[in-house]
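Analysis of the macromolecular model
In case you want the letters, here they are:
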Amino acid sequence: MTSDSTTTPLDILATAEDWKASGRNVALATVVETWGSAPRPVGSHLVIDDQGNFEGSVSGGCVEGAVVSEAIDVIDSGKPTVLEFGVANETAWQVGLSCGGRIRVYVEPVGPSAA
């Protein structure tokens, strides 16, 4: 797996387009809402392929791993989903959401599936 949290949203969208054009099945995850402290702002993207490779970032920590896993399900089913992650202050650092922040992430397939 690969990840680079320094890329811009346009870079992530270009990566999704390139991966899809090369024959990969791809999903795009986008932060659509945040409450409290959140590591990434609304509009942050993560592109994922069906092998679990990814670029970008929607949060970090365990949340990112959960989004990658759900994205593979979205690729397989072709159906988008909304994920919500929130934690209590005492467990926030363990999953990468400091100060008890919460985020909502929309995960959608990119284009028609090759499967």
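To be clear, the structure that these remarks concern was listed above.
Residues numbered from 1 in each chain as written. Predicted model: local features only at pLDDT ≥ 70, side-chain atom pairs only at ≥ 80, totals over all residues. Heavy atoms only, no water.

**Observations concerning the pattern of salt bridges**
Proximity of charged atoms lets side chains of opposite charge pair with each other. Overall, the coordinates contain 4 salt bridges when judged by the stated rule. Taking the shortest distance from any N to any O, the salt bridge between glutamate 84 and arginine 102 comes out at 3.6 Å. With glutamate 84 in strand E4 (residues 81-86) and arginine 102 in strand E5 (residues 102-109), this residue pair connects regions lying 18 residues apart in the sequence. Residue arginine 102 is classed as partly exposed on the basis of its relative accessible area of 34%. The residue glutamate 84 makes a salt bridge to arginine 104 at a minimum N-O spacing of 2.6 Å. Within this pair, whereas glutamate 84 is found in strand E4, its partner arginine 104 is found in strand E5, the two being separated by 20 residues in sequence. (Salt bridge = Lys/Arg side-chain N within 4 Å of Asp/Glu carboxyl O. Helix = DSSP H or I, 4+ residues; strand = E, 2+ residues; numbered from the N terminus. Buried < 20%, exposed > 50% of the residue type's maximum accessible area, 1.4 Å probe, protein only.)

**Let's talk about the packing of aromatic side chains**
Inspection of every chain in the model, using the stated rule, returns 0 aromatic pairs. The lysine or arginine in question, arginine 24, covers the ring of tryptophan 19, its NZ or CZ lying 4.3 Å from the ring centre. Taking NZ or CZ as reference, arginine 102 lies 4.4 Å from the ring centre of tryptophan 35, over its face. (Phe/Tyr/Trp six-rings, centres within 6.5 Å; stacked < 30°, edge-to-face > 60°. Lys NZ or Arg CZ within 6 Å of the ring centre and 35° of its normal.)

**A closer look at the nonpolar core**
Within the largest apolar cluster, 18 residues are counted, with the highest numbers of intra-cluster contacts made by Ala29, Leu46, Ile48, Val67, Val105 and Val107. Counting only elements with at least two residues in this core, the list comes to strand E1 (26-35), strand E2 (45-49), helix H2 (61-77), E4 and E5. In terms of residue count, H2 provides more of this core than any other element does, 6 residues in total. The contacts of valine 107, once residues within four sequence positions are left out, are Ala27, Leu28, Ala29, Val67, Ala71, Val74, Pro80, Thr81 and Leu83. Of all hydrophobic cores here, the second largest spans 6 residues; its members include Ile12, Ala16, Trp19 and Val47. (Core = buried A, V, L, I, M, F, W, Y, C linked by side-chain atoms within 4.5 Å. Contact = heavy atoms within 4.5 Å.)

**Some words on the side chain of serine 44**
Relative to the assigned elements, serine 44 resides in the loop between E1 and E2. Here proline 41 takes part through its backbone oxygen, which lies 2.8 Å from a polar atom of the side chain of serine 44. Setting aside its immediate chain neighbours within four residues, serine 44 contacts Ala29, Thr30, Val31, Ser57 and Val58. (Polar contact = N/O pair within 3.5 Å; in protein donor to acceptor, adjacent residues only side chain to side chain.)

**Looking at the pairing of E1**
Summarising the sheet, E1 and E2 pair through 5 bridges and their orientation is antiparallel. Its bridge partner being in E2, leucine 28 is matched across the sheet by valine 47. In the sheet, E1 pairs with E5 via 8 bridges, with the strands oriented antiparallel. Paired with threonine 34 across the two strands is isoleucine 103, which belongs to E5. (Pairing = 2+ DSSP bridges.)

**Some thoughts on the pairing of E5**
Note that E4 and E5 share 6 bridges and pair antiparallel. Considered in E5, the bridge of glutamate 84 is made with arginine 104.

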